[in-house]
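Structure assessment
In case you want the letters, here they are:
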Amino acid sequence: MAKITYIEFGGKRHEVEVASGLTVMEGARDNGIPGIEADCGGACACSTCHVYIDPDWVEKLPAKDPMEEDMLDFAWNPDPLRSRLTCQLKVTPAMDGLIVHMPEKQI
């Protein structure tokens, strides 16, 4: 399990425990956290699970693969360093304390 903090665009925080092996997107979905739509269900075929990774965590996460990079081109206001698709982030115990910020909207 890892404790992950999801921060809505307006600042509301949601701190939840997410089981290892799930994705950060599934953690949001399973806990009813608004702001991550995940229209494709985690297939990396859209950008509706886009978040901004807290700066302290950017270097601690696995690198983006080319498919995720391509899909981020369709995200709302992507940041070259901090933007990630939560469906591509598999939760591990090393992610305990991860903080993600939701964008203003998902497209």
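This text follows the structure it describes.
What comes next is a walk through the structure. (Residues numbered from 1 in each chain as written. Predicted model: local features only at pLDDT ≥ 70, side-chain atom pairs only at ≥ 80, totals over all residues. Heavy atoms only, no water.)

1. Things to note about the overall build of the protein chain
Looking only at helices and strands, the protein chain features two helices and five strands. In sequence order, the protein chain lays out its α and β elements as β-β-α-β-α-β-β. Computed over its C-alpha atoms, the radius of gyration of the protein chain comes to 12 Å, within 12% of the 13 Å expected for a compact globule of 107 residues. C-alpha extents for the protein chain along the principal axes are approximately 30 × 25 × 25 Å. Within the span of the protein chain, comprising 107 residues, buried residues form 44% of the whole. In the protein chain, of all internal contacts separated by at least 6 residues, the share reaching a separation of at least 24 is 65%. (Helix = DSSP H or I, 4+ residues; strand = E, 2+ residues; numbered from the N terminus. Rg over C-alpha atoms; globule rule 2.2 N^0.38 Å. Buried < 20%, exposed > 50% of the residue type's maximum accessible area, 1.4 Å probe, protein only. Contact = heavy atoms within 4.5 Å.)

2. So, the sheet that holds strand 5 (residues 99–101)
The strand order 2-1-5-3-4 describes an open sheet built from five strands, whose pairing is mixed. Where the open sheet ends on each side, the last strands, each with one partner, are strand 2 (13–18) and strand 4 (83–85). Averaged over all neighbouring strand pairs, the angle between strand axes comes to 35°, with direction disregarded. (Pairing = 2+ DSSP bridges. Axes fitted to C-alpha atoms, helices over the stretch in contact; angles between N-to-C directions.)

3. Notes on the environment of threonine 23
Considering the arrangement of structural elements, one finds threonine 23 in the loop between strand 2 and helix 1 (24–30). The sequence separation of threonine 23 and threonine 86 amounts to 63 residues, and the corresponding C-alpha distance is 6.6 Å.

4. Comments concerning the environment of isoleucine 33
Take isoleucine 33: it is sitting in the loop between helix 1 and strand 3 (50–53). The exposure class of isoleucine 33 is buried, given its relative accessible area of 6%. Measuring from C-alpha to C-alpha, the distance between isoleucine 33 and valine 16 comes to 9.5 Å, with 17 residues separating the pair along the chain. In this view, isoleucine 33 contacts Tyr6, His14, Val16, Ala28 and Met102; residues no more than four positions away in its chain are not counted.

5. Some thoughts on the packing of aromatic side chains
If you walk through the whole model with that rule in mind, you get zero aromatic pairs. The aromatic ring of tryptophan 57 is capped on one face by lysine 60, whose charged end is 4.7 Å from the ring centroid. (Phe/Tyr/Trp six-rings, centres within 6.5 Å; stacked < 30°, edge-to-face > 60°. Lys NZ or Arg CZ within 6 Å of the ring centre and 35° of its normal.)

6. Some words on a negative patch on the surface
Residues Asp65, Glu69, Asp70 and Asp73 make up a contiguous surface patch of negative charge. Structurally, the position occupied by aspartate 73 is in the loop between helix 2 (66–72) and strand 4. Classification of aspartate 73 by relative accessible area gives exposed; the value is 62%. (Patch = residues over 30% accessible without salt bridge, like charges linked within 9 Å, V, L, I, M, F, W, Y side chains within 5 Å. Areas by Shrake-Rupley, 256 points an atom, 1.4 Å probe, with all protein chains shown as cover. Salt bridge = Lys/Arg side-chain N within 4 Å of Asp/Glu carboxyl O. Lys, Arg positive; Asp, Glu negative; His and termini not counted. Charge placed at Lys NZ, Arg CZ, Asp CG, Glu CD.)

7. Thoughts on the pattern of salt bridges
As enumerated under the stated definition, the model contains three salt bridges in all. A salt bridge links arginine 29 to aspartate 30; the shortest N-O distance between them is 2.9 Å. The class of aspartate 30 is partly exposed, set by a relative accessible area of 46%.

8. Topic: the nonpolar core
If you look at the biggest cluster of nonpolar residues, it comprises 28 residues, and the most contacted ones within it are Tyr6, Val24, Ile36, Ile53 and Leu98. Every element with two or more residues in this core is listed here: strand 1 (2–7), strand 2, helix 1, strand 3 and helix 2. Apart from residues no more than four positions distant in its own chain, leucine 98 is found in contact with Lys3, Ile4, Thr5, Val24, Ile53, Trp57 and Leu61. (Core = buried A, V, L, I, M, F, W, Y, C linked by side-chain atoms within 4.5 Å.)

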